[in-house]
Amino acid sequence: MSTDRLPLHDRLLVDCIHPDSAPEELRRRLARTDAQTHARFIESAFLQGVHPLLYRRLKELKLLDTLDPLQKSLLTEGVMNYSLFLSHLSCNCREVLALFHDAGIDCIVLKGMHLSMLIYDNPADRMMSDLDLLVRQSDLLRAAELLAARGIAPHDYKPVEAETAHCHHLVPFTTNRGNSLEIHWTLKLGIPIDLDGLWERSVVEQADGVELTVLSPEDFMLHLCLNATVPDFEVKLRTLCDLYRTVTRYGSRIDWSVVIERAELWKVEKSLLLLLHATQTLFGLHLPGWLFERVDIPELREMERTMLQCMFSAQVQERNAVIMLMQLLRAGGLRAAVSLAWNKVFYPKEVIASMYRQSGESSPAALYLLRTGKLLGRFSEALGHLILRPVSKNKELLTFDRSVERMKTWLHH
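Now for a look at the structure at hand. Please read all numbers here as calculations on a predicted model, not as lab measurements.

You can see Thr66 is positioned in the loop between helix H4 (51–60) and helix H5 (69–102). The class for Thr66 is buried, based on a relative accessible area of 18%. When neighbours within four sequence positions are excluded, Thr66 is seen to be in contact with Arg27, Leu30 and His38.

Okay, here's the thing in structure tokens:
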């Protein structure tokens, strides 16, 4: 594996979470690392969504005590809090799956819960923030009604069919255990996915006494790529860990020719190759050499360098906070900016009512005014954030944003 281009604390993080790293070498490196680097190392683990995995690795290797005491305390507390959250999320998952099973609604467990239950060695190793489930579009509204009737969803949770024209899932809701749940009907809106084929290829697995229906290995890998790069770039170190462990877990079950063929159909081939190549660079993932013959290698390596710089940049969180403002700045003129704002405000009124838990009988004017106010609030907060920052920091943020946009242009053209 090669982490030479990364800052010291990020290089240390990658090596600590890699299952093949030599414990004694890690011990020496951690012992001679100063407290400031330890702090950045732990902060990066949280930002990259791998702190539960880091904690278990360090604990297994008896390296926790090599950390600065404050950082050890922060890491331990964060992981304990996440473990409690995960127990509630897992209970919700079991409840919903049982409810859907009894009602004859087919359900595929997506993303984080799939990874947690089947891919990682320990369910608590994989950080996630919500529960994502896929049902057939014909079952979508009935599933929502069942959840509300059972008390898992709020009693006034009444999604409308119009939501499916704007998103690949219903408006998320908070469950009776305080978790966020998204009911999907497809993986991503606007992607030419053969949904019937997706369901036919799904597989049933056993995990901790629970029967889970999950995507086939090939579909699952492509879903990870879709989730990380479409429509926005949201790749973290956790993303590459997911790919590494997915390929390692499924091994010979993966038909790489099918993966590439389906990636072309889903228009995610470049995303797949970029993420796999980066995973190979950081973690030494073994992949068929012919995979990368389909793309210009120097160009792929240049995009990989850009991607890794973006992943580990200090501007990642800042850009996420002002993403809407950045979109307006990039719009390319007043007409384009107005068009962007118009599209963000004027959803169907039924969708806005569902998003903000308003009555379906509310007047269109009131709903559009509510939506405009919410967006203006976000815009004003982002603008204030930028105004209060030094000019040099804003220049760094704009440079970072241009790098992300250049990479997205390469991925999607």
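This part covers the pattern of salt bridges. Between side chains of opposite charge, a pair can form as their charged atoms come close. By the definition in use, this model includes 20 salt bridges. Residues Arg29 and Asp15 are paired through a salt bridge, measuring 2.7 Å at the closest nitrogen-oxygen approach. In this pair, Arg29 is assigned in helix H2 (residues 23–31) and Asp15 in helix H1 (residues 8–17), connecting sequence segments 14 residues apart. Exposure class is identical for Arg29 and Asp15. Each is buried. Arg294 is the salt-bridge partner of Glu264, the closest N and O atoms lying 3.0 Å from each other. One end of the pair, Glu264, is in helix H11 (residues 256–265); the other, Arg294, is in the loop between helix H12 (269–283) and helix H13 (297–311), with 30 residues separating them in the sequence. Among the residues examined, Arg294 registers a relative accessible area of 40% and is labelled partly exposed. Residues participating in the shared-partner salt-bridge network are Arg56, Glu60, Asp121, Asp125 and Arg245.

The tally for this structure, following the rule as stated, stands at zero disulfides. Free cysteine Cys16: the closest other cysteine sulfur is in Cys241, separated by 12 Å. Residue classification places Cys16 among the buried positions, given a relative accessible area of 1%. Here Cys93 stays free of any disulfide, with the sulfur of Cys107 as its closest cysteine sulfur at 7.5 Å.

In this section: the sheet that holds strand S1 (residues 108–109). Reading across the sheet, the four strands line up as S1-S2-S4-S3 and stay open at both edges, with mixed pairing between neighbours. Looking along the sheet, the strands with just one partner apiece sit at the ends: S1 and strand S3 (173–174). By the bridge criterion, two bridges tie S1 to strand S2 (residues 130–134) in an arrangement that is antiparallel. Along S2, the bridge assignment pairs Ile108 with Leu134.

Thresholds, definitions, all that
Residues numbered from 1 in each chain as written. Predicted model: local features only at pLDDT ≥ 70, side-chain atom pairs only at ≥ 80, totals over all residues. Heavy atoms only, no water. Helix = DSSP H or I, 4+ residues; strand = E, 2+ residues; numbered from the N terminus. Buried < 20%, exposed > 50% of the residue type's maximum accessible area, 1.4 Å probe, protein only. Contact = heavy atoms within 4.5 Å. Salt bridge = Lys/Arg side-chain N within 4 Å of Asp/Glu carboxyl O. Disulfide = S-S within 2.5 Å. Pairing = 2+ DSSP bridges.

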